[in-house]
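What follows is each chain in one-letter form.
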Amino acid sequence: MPVLNRIAAYAEEMKGWRRHLHANPELSFDCFTTAAYIVDRLKEIGVDEIHPGIAKTGIVAIINGQGEGPTIGLRADMDALPIQEITGAEYASTIPGKMHACGHDGHVTMLLGAAKYLAETRRFKGRVALIFQPAEEDGAGGREMVNEGVMDRFAVEQVYGIHNAPNVPFGHFLTTPGALMASVDTAYVYLTGKGGHGATPHECVDPIVALVGMISAIQTIIPRNVYALDEAVLSVTMVNSGTASNIIPEEAMFAATIRCFKPEVRALLKKRFYEIVEGHAQAYGVQARIDYDWGYPATINHADQAAFAVEVASEIVGETSVDGNSVREMGSEDFSYMLEARKGAYLFMGTGPGAGLHHAAYDFNDEAAPIGASFFARLVERAQPLA
């Protein structure tokens with residue numbers, strides 16, 4: 001496969017890029033030095049246009065092919081996580097409390113590797129738009145880049161992205177048509193009762209009793225209100241109240257993460273959540289305030305583009321290493337906003353054994369970067385061929 005062979009020659013250079021990014025992580029939209037480093041590499045590579053400062057620190061770079069044609073978008077996220085790294089690597093994070101624990105350093109490297117190949121060879125028609133996005137982990141940078149008009153401004157007709165997958169066999173690709181990842185919403189419930197002495201509960205309005213009732217009741221939403229074949233998750237993940245064993249507190253709170261794949265299920269979950277909390281608040285005599293954060297939508301692949309991505313991945317790694325009907329998962333991704341704006345697909349690429357995503361010992365496998373870069377490059381050549 002010539003693309004793999006050509007990009008394989010960049011492997012050491014790509015490793016250097018990735019490890020520099022790994023040592024210098026930045027969070028959310030504050031990817032200023034990351035963006036500057038990417039811009040410097042893009043200038044060296046020789047892309048035709050560089051457009052920085054989109055969604056604060058995002059970048060779109062353009063490579064022109066040979067002759068008129070459409071524009072295909074390739075996306076890499078570039079933000080890190082607020083985690084203290086424990087890998088002990090010589091290129092470990094130099095920023096206390098921040099690290100690339102999700103492999104976005106590897107995603108940027110794969111896209112830069114593809115850019116280097118495409119800028120050198122230009123064996124495609126039209127244009128490729130390289131989308132370097134901040135704030136995937138926190139802030140919905142994908143939504144902000146769409147809202148700032150990247151799809152229309154650069155006439156992107158279809159868009160693709162990859163996420164690394166530790167503990168999936170090395171070089172294997174996974175995707176599926178339709179929903180691949182879930183929507184994610186977060187509910188915070190704040191209860192106010194009347195505090196007092198634990199020995200005189202009749203003089204109090206106990207928010208803890210109300211909280212327990214609410215948590216028990218909302219666990220019935222999925223088994224009793226959601227159709228059994230419509231997967232959904234509602235997990236209570238925080239509970240806080242009280243200061244001493246002999247005091248009935250004035251206040252209590254809990255939080256939950258709420259995930260599913262269908263918009264109508266998502267709306268149902270919110271409706272029932274409110275009904276149960278408000279109904280129990282009245283029953284127990286407490287005041288309830290709900291902050292319901294409507295988060296990332298489900299990541300929904302377009303069927304034709306998912307099938308095309310499977311063909312390209314099979315060309316790179318072989319048909320037996322590609323699963324085009326993989327199991328969908330309850331994690332979430334703000335690439336979902338780009339797939340709402342344009343047709344496209346999202347894939348996972350296995351990086352072999354190692355610590356999982358968002359773990360302090362995680363490290364992207366540098367050997368996987370040329371495979372991801374080859375996929376991106378060949379995707380462009382196949383989507384917009386010269387002849």
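All figures in this text were calculated on a predicted structure; none of them were measured in a lab.

Engineer: Give a detailed account of the overall build of the protein chain, specifying residues and quantitative values.
Structural biologist: Check the secondary structure of the protein chain and you find 12 helices and 16 strands. A compact globule built from 387 residues should have a C-alpha radius of gyration of about 21 Å, and the protein chain, at 24 Å, falls within 12% of that. With the C-alpha coordinates of the protein chain rotated into their principal frame, the extents come out at 80 × 45 × 40 Å. Looking at the protein chain residue by residue over its 387 residues, the buried ones come to 53%. By sequence separation, contacts in the protein chain at least 24 residues apart represent 82% of the contacts at least 6 residues apart.

Engineer: Would you mind going over the pairing of strand E3 (residues 71–77) in detail, with residue names and values included?
Structural biologist: Within a regular strand, the side chains alternate between the two sheet faces. Most of E3 sits inside the fold, with seven of its seven residues counted as buried. Burial of the side chains of E3 extends over both faces: Thr-71, Gly-73, Arg-75 and Asp-77 are buried on one face and Ile-72, Leu-74 and Ala-76 on the other. Relative to strand E4 (residues 127–133), E3 runs parallel, the two being bridged by seven bridges. Within the sheet, the bridge partner assigned to Asp-77 lies in E4 and is Gln-133. In this fold, the crossover linking E3 to E4 by way of helix H4 (residues 104–121) has right-handed handedness.

Engineer: Summarise unusual backbone geometry; cite the residues concerned and give the values.
Structural biologist: We note that Arg-122 has phi near 50°; this positive angle belongs to a residue other than glycine. By the secondary structure assignment, Arg-122 is in the loop between H4 and E4. The backbone of Ala-135 shows a phi angle near 60°, a positive value even though the residue is not glycine. Residue position: Ala-135 is located in the loop between E4 and helix H5 (141–147).

Engineer: Please give an account of the sheet that holds E3 that cites residues and values.
Structural biologist: The strand order E1-E2-E4-E3-E5-E16-E6-E15 describes an open sheet built from eight strands, whose pairing is mixed. Looking at strand neighbours, the two that pair on one side only are strand E1 (49–54) and strand E15 (322–323), the edges of this open sheet. Strand contacts of helix H3 (residues 32–45): E1, strand E2 (58–64) and E4, with the helix running at about 10° to E2, the strand carrying the most contacts. Along the sheet, H4 contacts E2, E3, E4, strand E5 (156–166) and strand E16 (343–352); its crossing angle with E3, the most-contacted strand, is approximately 150°.

Engineer: Tell me about the state of the cysteines, residues and numbers included.
Structural biologist: In the structure shown here, the tally under the stated rule is zero disulfides. Cys-102 carries a free sulfur, and the closest cysteine sulfur to it, the one in Cys-31, is 13 Å from it.

Engineer: Describe the nonpolar core, and please don't skip the residues or the numbers.
Structural biologist: In terms of nonpolar packing, the biggest core is built from 58 residues, with Leu-130, Phe-132 and Phe-375 touching the most fellow members. Looking at this core element by element, the count peaks at nine residues for H4. If we ignore the near neighbours within four places in the chain, the residues touching Phe-375 are Ile-162, Phe-173, Ala-309, Val-312, Ala-313, Ile-316 and Leu-347. In terms of nonpolar packing, the next biggest core, distinct from the first, is built from 27 residues, Ala-217, Ile-218, Ile-221 and Phe-273 among them.

Criteria and cut-off values
- Residues numbered from 1 in each chain as written.
- Predicted model: local features only at pLDDT ≥ 70, side-chain atom pairs only at ≥ 80, totals over all residues.
- Heavy atoms only, no water.
- Helix = DSSP H or I, 4+ residues; strand = E, 2+ residues; numbered from the N terminus.
- Rg over C-alpha atoms; globule rule 2.2 N^0.38 Å.
- Buried < 20%, exposed > 50% of the residue type's maximum accessible area, 1.4 Å probe, protein only.
- Contact = heavy atoms within 4.5 Å.
- Pairing = 2+ DSSP bridges.
- Right-handed = clockwise from strand over helix to strand, strands pointing away.
- Axes fitted to C-alpha atoms, helices over the stretch in contact; angles between N-to-C directions.
- Disulfide = S-S within 2.5 Å.
- Core = buried A, V, L, I, M, F, W, Y, C linked by side-chain atoms within 4.5 Å.

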